[in-house]
Amino acid sequence: MKEYSITVVKTNNPNILKFETNHLLVQRKNYEYKNIDEAKNSPLAQQLFYLPFIKTVYISGDFIGLERYDIVKWEDVKDEVAQQLVEYLNAGEPIVLEEDLDKPIPVTVYAEVTPNPSTMKFVASKKIVGSAFEFKNIDEARDSKLATALFQFPFVKQVFIDENYVSVSKYEVAEWEDINIELREVIRNFIADGKEIVADNAKSIGTEAQVSETVSAESTIALDETSQEIVDILEEYVKPAVASDGGNIMFKSYDKDSKTVNVILQGACSGCPSSTYTLKNGIETMLKNMMGDKVNEVVALNG
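The notes below deal with the structure included here. Since this is a predicted model, take the numbers as computed values, not measurements. (Residues numbered from 1 in each chain as written. Predicted model: local features only at pLDDT ≥ 70, side-chain atom pairs only at ≥ 80, totals over all residues. Heavy atoms only, no water.)

Let's shift gears to the sheet that holds strand β4 (residues 54-59). The antiparallel open sheet is built from five strands, whose spatial order is β1-β2-β5-β4-β3. Every other strand in the sheet has two partners, leaving β1 (6-10) and β3 (31-33) as the edge strands with one partner each. Each strand of the sheet is rotated relative to its neighbour by a mean of 20°, with strand direction disregarded. Pairing geometry for strand β2 (residues 16-21) and strand β5 (residues 63-68), over five bridges, is antiparallel. The residue bridging Lys18 from the neighbouring strand is Gly65, located in β5. Across the sheet, helix α2 (residues 74-90) is in contact with β1, β2, β4 and β5; its angle to β2 comes to roughly 30°. (Pairing = 2+ DSSP bridges. Helix = DSSP H or I, 4+ residues; strand = E, 2+ residues; numbered from the N terminus. Axes fitted to C-alpha atoms, helices over the stretch in contact; angles between N-to-C directions. Contact = heavy atoms within 4.5 Å.)

See the structure below:
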C-alpha cells in the first residue's frame, strides 16, 4: 500500500494553503467543493468540512487546497490538518469517487493577491497556454478571445496570460471586492467551455523576445557571453519567483561600459509599487553576487 506524506505550501492568498502529496490523488479531474453537500462524491472533502474553519476544498492531481474562514490562522492549525490528512490517506480511505471520466473535465479558478494592488492573479486548475502573453488594450488582444472578453469591462487596464493563470490589472475606478467574483467566473467559464485562449499565430513574450532590440531576434546565440549569463540567471532564479506573483521579467540589454542590465517588467510587476525594492534588493543583489564586478546596476522598464 502507498505511504503518503504531506508538504505544506503557502500561496499568495493567505486564506488558501496547499497540502502537496507524494502520490497522485485523482486521475484526471480537479474538484472544488464549497460545502458538505457539494462534496457528496468525496469522502475526504466531507471529513474536512467537519472542521469548522474550512470554507472551500480543492482536490487536484497531487495536492489538496484548503481555504479557511477568518476564525483561525493557518499557523495555528496547519500541522494538525496535515497530520489528519496523512492519517486519512494512509488508512486507504477513499478520496473522490470518480465516475464518468469521459465527460468534460471541470475547471476551478481561484484568485490570488499580488504585490501590485492594481493586479489580481486568477489561477486555473489546468494549463491554459504554453507561453506568456501580454495585452495592454483591446487592439493588442485581437489574437486572444479571452483577453478581448475581459477588455469588455471598462475597468480592465491590462491582461497578462501565462501557463495556468491570468493576471488582470484594473483602473482605480473599481475595487477588487466588487469585481473579483465576476472576473473569476468569466475566466472559469471561458476555460471550462474549451474556448481558444490565445490564437496559434499570436506572438508570445517567450524566450526569443528576450533578445535586445539591437541584437538579432533570430536566436540568443547573438548575445555576448555576459548577456547570455544574465539571461540564464534570470530564467533559473528570478522568473519562477516573479511568475508566482503574476508577472514576468525579460532581459532587454547589457551595457558593458556602464555595466548596466536593462530588463522589462510585465504583468503584475509592471507599475507595482514594490517592484523597485524587489529590483534593487533582490535581482540587482543576486546578479552582483553571482557575477561580481560585471554588473553595477539593474534598470527596469515597465512592459
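Taken in spatial order, the five strands line up as β6-β7-β10-β9-β8 in an open sheet, and their pairing is antiparallel. On the outer flanks of this sheet lie β6 (109-113) and β8 (133-135), each paired with one strand and no other. Strand-to-strand twist across the sheet, computed as the mean angle between neighbouring axes with direction ignored, equals 20°. Here five bridges tie β6 to strand β7 (residues 119-124), and the two strands are oriented antiparallel to one another. Pairing of Val113 across the sheet is with Met120, part of β7. Lying on the sheet, helix α4 (residues 176-192) is in contact with β6, β7, β9 (156-162) and β10 (165-170); it crosses β7 at an angle near 35°.

This part covers unusual backbone geometry. You will see that Lys259, though not glycine, has its phi angle at about 60°, which is positive. Of note, Lys259 is situated in the loop between β11 (247-255) and β12 (260-267). Take Lys259: its relative accessible area is 31%, and that puts it in the partly exposed class. (Buried < 20%, exposed > 50% of the residue type's maximum accessible area, 1.4 Å probe, protein only.)

Another point: the pattern of salt bridges. Counted by the stated rule, this structure contains 10 salt bridges. Across the pair Lys18 and Glu20 runs a salt bridge whose closest N-O atoms are separated by 3.8 Å. One salt bridge in this structure joins Lys294 and Glu229, with 3.6 Å as the shortest N-O distance. Placement of Lys294 in the loop between α6 (275-291) and β13 (297-302) and of Glu229 in helix α5 (residues 225-244) is noted, with a sequence separation of 65 residues between them. If you follow the salt bridges from partner to partner, you end up with Glu32, Lys34, Arg184, Glu185 and Arg188 in one network. (Salt bridge = Lys/Arg side-chain N within 4 Å of Asp/Glu carboxyl O.)

Note that all results are geometric; they support no functional claim without further evidence.
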